[in-house]
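# A look at the structure
Read off the chains here:
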Amino acid sequence: MKEALSIETERMDDIPLLLTHMQRMQLAILLDKHFPTHGLRKGLSMGELILVWLTHVLSQADHRMNRVQEWVSRRLITLHGCGLADLTPLDVTDDRLADVLRLLSDDERYRAFEQELMGQLLRVYDLDASCVRLDTTTVSSYAQVSEEGLLQLGHSKDHRPDLPQVKIALATLDPFGVPLASEVLSGEQADDPVYVPLIDRVHQGLARAGLLYVGDCKMAAEKTRAHLQAQGDFYLCPLSALHVPPATLAQSVEAYLEAGSPLIQVVGEDEAGQPKCLAQGYETLVEMEVKDGEQTICWQERRLIIQSIDGSLAAQISLQERLEKAEKAIGALMVRKQGKPRLTSRSQVEEQVQSILSSLRVEGLLQVSIQEEVSEQLVRAYRGKLSSPRQIWSFQVPAQRNQEAIERAIKLLGWRVYAANQPTAALGLAGAVEAYRDEYLVERNFGRLKGHPLSLGPLYVQRDEHRVGLIRLLSIALRVVTVLEGVVRSALAESGQQIAGLFAGNPKRRTSQPTTERLLEAFNEITLTIVSGPGFVQRHLPALSALQQQILALCGFSPAVYTRLIDDS
């Protein structure tokens, strides 16, 4: 008699890698410590439940709650073999995942968890805490604004001022860009007051002073800089036109250049590996005195006046284009066209010329002389009136470039002022340029958070506590992504190797800077086959490719991460 066999398949993909990585980060342990499971609740602990949801988010690039239960039911054997033996589809129903968001919205518990996670990541991965980057972003929603709710109208960084939004502040650690602390704020709030609380949380979580905090001009508020100085930390940030007016900056640069003082060159390499000047500049010292409450904080601030070479060249091209547009527009002022109002007075011509110069920002660079001409025109007789002469006013508006002013303007293009309080020996001008150029690290995190793979924006959840909880859940996922990427890149740098096979259509292309997204993609379509019959179960897993084994080794894992699922066959 033939025995009936049952054959089932499960897509394993990157699930074992992700779960093993998060277990090494000890996420479940810390989450259970700060978000203990209610005594009457059965099934997975809160930490294990969050791990399952995070695995779904990163493996499927989908954070929707209503997709998790079906995904789990199709991968139960894989998830059981990865340390989640008690998992059932009932553990990941919509209501239980909604409870996760509600618990993560608890400010006090989440901040305590985040503080401990900071120190945990530094110890486990031996991260060098020296430079922290701060920035903010906004996430829009199509929901309605409520009077005291989280969603409010404000300055949108998504270029959607018509939609209500939530503001997110993030502090990340170089060189991996690992998030350390985050804040979720209502969308109408200004950026300036956000930085000091975020800095304090990082300062307490890392339990060390002397860190360099890098941010944009919104971090340059005097009280923020004074706060960092008072607690023994350092800052680097550009100063806006409110701190250093353009006229003051121009006078300073002109005086320095006229004195013939040598500029400090910042030299890098171009695409061909040849030396290239990236920037040049000089620095001055400014005595700072800021009153913070009853305390007066005094210190010497370094002002780094830096000109970006590429920025200057781009600004020169833009200036030439604006000059050409202004010349063309002024030349066309007196050209008659159908439907075009005729300028009949000198004041009208002067007003139009000034409007063109100011809108194209070339005031003082073009010399415009308005020449008046008067002619007589005979008005023909009609209805018994005699013909009579009439004076007609016309204007010529020649424009000539002021070469001296243009050359002066070109010398002043691309200059910007940066403020720092770290000694020159630790952060020279070249080091400051390099440090600020790496600001893309925190912007890249925002790109991942709002786009692929976390897809936070636009926000569709309907309750404020769920919005806060979802943002915090995805910020934990962002830590998983950045730490995994940093571990692999560090391993490649230490061994001097590069990895190939990550780029579709170009399998020989090699890189020493792989992204987590490409690393996880390399594990697509790994399928576990389970053949069962009366009295036996056999599991089959295809052999891991050389690329997959290399990635596991770079992560510090062995192939047993996958093969352990078939060891008990």
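Being a predicted model, the structure only gives us computed values, none of them experimental.

### Regarding the sheet that holds strand β5 (residues 212–214)
The strands making up a sheet associate through hydrogen bonds between their backbones, and the pairing can be parallel or antiparallel. The strand order across the open sheet built from nine strands is β4-β3-β2-β5-β6-β14-β9-β8-β7, with neighbouring strands paired in mixed fashion. Edge strands, defined here as strands with exactly one partner in the open sheet, are β4 (178–186) and β7 (264–269). For this sheet, the mean angle separating the axes of adjacent strands, direction not counted, is 25°. With nine bridges connecting them, strand β2 (residues 131–140) and strand β3 (residues 165–173) associate as antiparallel partners.

### Description of the packing of helix α1 (residues 15–24) against helix α3 (residues 46–60)
Where α1 contacts α3, the axes come no closer than 10 Å and their chain directions differ by 130°. Comparing the axis directions of α1 and α3 gives the class oblique. Relative to α3, the crossing made by α1 is right-handed. When α1 is examined against α3, the residues I15, L18, L19, M22 and Q23 are found in contact with a partner set consisting of L51, L54, T55, L58 and S59.

### Regarding helix α7 (residues 107–125)
Between the first and last C-alpha of α7 there are 27 Å, a value that for 19 residues agrees with the 27 Å anticipated at 1.5 Å per step. Within the span of α7, buried status applies to Y110, F113, E114, Q115, L117, M118, G119, Q120, L121, L122 and Y125. Where α7 starts, the residue carrying a side-chain oxygen 3.2 Å from the main-chain nitrogen of E108 turns out to be D106. D126 lies just past α7 and shows a positive phi near 50°.

### Section: the side chain of S156
Structurally, the position occupied by S156 is in the loop between β2 and β3. At 3.1 Å, the side chain of S156 and the backbone nitrogen of D158 are in polar contact. There is a polar contact of 3.1 Å between the side chain of S156 and the backbone nitrogen of R160. Beyond its immediate chain neighbours, meaning those up to four positions away, S156 contacts T138, S140, P161 and Q165.

### Quick look at the nonpolar core
Grouped together as the largest cluster of nonpolar side chains are 135 residues, with contacts concentrated most on L27 and Y562. The biggest single contributor to this core is helix α16 (residues 464–495), with 15 residues. Within the second largest apolar cluster, 20 residues are counted, among which are L323, L343, I356 and I370.

### Let's talk about unusual backbone geometry
Cis rather than trans, the peptide bond between D174 and P175 has omega equal to 0°. Mapped onto the secondary structure, P175 falls in the loop between β3 and β4. Between H452 and the following residue, P453, the backbone shows a cis peptide bond with an omega angle of 5°. Topologically, P453 is positioned in the loop between α15 (440–450) and α16. Positive phi outside glycine occurs at D13, with the angle close to 50°. We note that A207 has phi near 55°; this positive angle belongs to a residue other than glycine.

### Digging into the pairing of β3
Buried residues dominate β3, accounting for nine of its nine residues. The two faces of β3 match: Q165, K167, A169, A171 and L173 on one face and V166, I168, L170 and T172 on the other face are all buried. With eight bridges connecting them, β3 and β4 associate as antiparallel partners. Residue pairing for β4: L173 is matched across the bridge by V178.

### Description of the pattern of salt bridges
What the rule picks out here adds up to 32 salt bridges. Between R102 and D99 there is a salt bridge, with the nearest N and O atoms lying 3.8 Å from each other. Remark: D99 and R102 occur in helix α6 (residues 94–104); sequence separation between them is three residues, near one turn of the helix. As a salt-bridge pair, D191 and K167 come within 2.6 Å of each other at their nearest N and O atoms. Highlighted residues: D191 in the loop between β4 and α8 (195–206) and K167 in strand β3, separated in sequence by 24 residues.

### Let's talk about the environment of R74
Mapped onto the secondary structure, R74 falls in the loop between α4 (68–73) and α5 (76–81). For R74, a relative accessible area of 54% puts it in the exposed group. Sequence separation of R74 and A279 is 205 residues, and the distance between their C-alpha atoms is 56 Å. One polar contact links R74 to E70, side chain to side chain, over a distance of 2.7 Å.

### Points about the packing of aromatic side chains
Each aromatic ring pair is specified by the distance between its two centres and by the angle formed by the two planes. Enumeration according to the criterion identifies seven aromatic pairs in this entry. Pairing Y282 with W415 gives two aromatic rings, centres 6.2 Å apart and planes at 55°, and the pair type is tilted. Here the residue Y282 occupies a position in strand β8 (residues 275–292), and W415 occupies one in strand β14 (residues 415–420), the gap between them amounting to 133 residues. Given the relative accessible area of 3%, Y282 is considered buried. Three or more aromatic residues joined by ring pairs make a cluster, and in this case those are F35, Y110 and F113.

### A look at the pairing of strand β6 (residues 234–238)
Judged by how many residues are buried, β6 sits mostly within the fold: four of five residues are covered. Strand direction decides the pairing type here: β5 and β6, joined by three bridges, are parallel. Each bridged residue has a counterpart across the sheet, and for V214 the counterpart in β6 is L236. Tracing the backbone out of β5, into helix α9 (residues 222–230) and back to the parallel element β6 gives a crossover that is right-handed.

Calculation notes
Residues numbered from 1 in each chain as written. Predicted model: local features only at pLDDT ≥ 70, side-chain atom pairs only at ≥ 80, totals over all residues. Heavy atoms only, no water. Pairing = 2+ DSSP bridges. Helix = DSSP H or I, 4+ residues; strand = E, 2+ residues; numbered from the N terminus. Axes fitted to C-alpha atoms, helices over the stretch in contact; angles between N-to-C directions. Parallel < 35°, antiparallel > 145°, perpendicular 65-115°, else oblique. Left-handed = near helix turned anticlockwise from the far one by under 90°. Contact = heavy atoms within 4.5 Å. Expected span 1.5 Å × (residues − 1). Buried < 20%, exposed > 50% of the residue type's maximum accessible area, 1.4 Å probe, protein only. Polar contact = N/O pair within 3.5 Å; in protein donor to acceptor, adjacent residues only side chain to side chain. Core = buried A, V, L, I, M, F, W, Y, C linked by side-chain atoms within 4.5 Å. Salt bridge = Lys/Arg side-chain N within 4 Å of Asp/Glu carboxyl O. Phe/Tyr/Trp six-rings, centres within 6.5 Å; stacked < 30°, edge-to-face > 60°. Right-handed = clockwise from strand over helix to strand, strands pointing away.

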